[in-house]
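# Structural overview
This is what each chain is made of:
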Amino acid sequence: TLKILQEEMLNFPTLSLALFSTTEQIKELSSIIAKVDRVRAEFKGLHEHLHSMIRYREKDALETRDGFRLKNLEAGLAGEMVLRATRPWPVMNFLNRFGFGSIMGNIVAQGIKHSSGVGIFCSDSLKPQDMIETGRAFERIWLKLAALGLYMQPMAAAPLFRIIWELQGKEAFLPKHQTLLEKQWPRLNRMLTAAGVEKHFPVFLFRFGFSTPIRCGTLRRPV
């Protein structure tokens, strides 16, 4: 599978795809993701952006035909209750004082640990055309995995924060998150270097593996 995916990437010469599938690699990546994803739970703007994309009522999903239907997140009844309860930022901010952000990060990390592999798209630059090319490659790889009977889940937090860090500087984050992220970027860079990716920007991350079919898909707007 990894060889097939790398062959598919020959159609995108400005991009690289780092693939990780060993137990040691998955363990290290899950540790990095756990810490980076904590930022999303503890940053007001990112928290509110996430919830703005969730359609909590099926009626709203059918009207807008965008975002994530609540059932699409496959969070289970308990997970859905937590999402509803923590939707208001004051509630989430209060819980973060007791380490709730770290708990959320660890839940995401568990998803990494239970995957067959993880892929990270890396680009020569962060120019708009490179982002578009990454989107094309991402769609191609997703379809290839589907054809092989595998499932993919995008996990955008770490590359997104790295892009913000590069384009806007570390000042775009809270001081405590600057310290946290400064410790994670070298770890991620070492993994990319070991995978043969040099002087590239990580721009998209996904996990893949075997799974049962998703029960509630997302909707599309009319073409």
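For the structure, check the block above.
What follows concerns the pairing of strand 4 (residues 117–123). Most of strand 4 sits inside the fold, with seven of its seven residues counted as buried. Here strand 4 shows no split at all, with G117, G119, F121 and S123 on one side and V118, I120 and C122 on the other all buried. Here strand 1 (residues 15–20) runs beside strand 4; their pairing, made up of six bridges, is antiparallel. Note on strand 4: the bridge partner recorded for A18 is I120. As paired elements, strand 4 and strand 6 (residues 201–209) share seven bridges and run antiparallel to each other. Bridging across to strand 6, S123 finds its partner in F201.

If you check helix 9 (residues 157–168), its first and last C-alpha atoms are 16 Å apart, about what twelve residues at 1.5 Å a residue would give, namely 16 Å. Those residues of helix 9 not exposed but buried are A157, A158, P159, F161, R162, I163, I164 and W165. Backbone geometry just after helix 9 places G169 at a positive phi near 85 degrees.

For the pair helix 6 (residues 89–96) and helix 7 (residues 100–113), the least separation of the axes is 6 Å and the interaxial angle reads 90 degrees. Relative to helix 7, the element helix 6 is oriented roughly perpendicular. Residues M92, L95 and N96 of helix 6 pack against F100, G101 and M104 of helix 7. Per-class residue counts for the contact of helix 6 with helix 7 are four nonpolar, two polar and no charged.

For helix 2 (residues 23–42), built from 20 residues, the straight-helix expectation of 28 Å at 1.5 Å per residue is met to within 8% by its first-to-last C-alpha distance of 29 Å. Every buried residue of helix 2 is accounted for by I26, L29, S30, I32, I33, A34, V36, D37, V39, A41 and E42.

Considering the arrangement of structural elements, one finds S125 in the loop between strand 4 and helix 8 (128–147). By relative accessible area, which is 15% here, S125 ends up buried. On a C-alpha basis, the gap between S125 and R55 in space is 34 Å, while along the polypeptide they are 70 residues apart. Once residues within four sequence positions are removed from consideration, S125 is found in contact with D130, M131 and F201. There is a polar contact of 3.3 Å between the side chain of S125 and the backbone nitrogen of K127.

Scoring rules and cut-offs
- The residue count restarts for each chain, going from 1 along the sequence in the order it is written.
- Per-residue local features of the predicted model are confined to residues with pLDDT of at least 70, and side-chain atom pairs are confined, for both listing and counting, to 80 or more; whole-chain, interface and lining totals are unaffected and use all residues.
- Side-chain measures here rest on the full set of heavy atoms in the structure, leaving out hydrogens and waters.
- Per-residue accessibility, obtained with a 1.4 Å probe over protein chains only, is compared with the maximum for each type, and a residue is labelled buried under 20%, exposed over 50%, and partly exposed between these values.
- Only DSSP runs of H or I with at least four residues qualify as helices, and only runs of E with at least two residues qualify as strands; both kinds are numbered from the N terminus onward.
- Strands pair, by our definition, only if DSSP identifies at least two bridges between them.
- Each residue after the first adds 1.5 Å to the expected span of a helix.
- Here, axes are lines fitted to C-alpha atoms. For helices the fit covers the stretch in contact, and angles between N-to-C directions go from 0 to 180 degrees.
- Any angle that falls under 35 degrees is termed roughly parallel, while one over 145 is termed roughly antiparallel, one within 65 to 115 roughly perpendicular, and all others oblique.
- Between two residues, a contact is recorded if the distance between any of their heavy atoms is within 4.5 Å.
- Under the grouping applied here, Gly and all other residues not named as nonpolar or charged are polar, the nonpolar ones being Ala, Val, Leu, Ile, Met, Phe, Trp, Tyr, Cys and Pro and the charged ones Asp, Glu, Lys and Arg.
- Here a polar contact is recorded for every N or O atom pair within 3.5 Å, except that within protein the pair must consist of a potential hydrogen donor and a potential acceptor, and residues adjacent in sequence are included only if both atoms are side-chain atoms.

The quantities given are spatial measurements derived from coordinates; they are silent on function.
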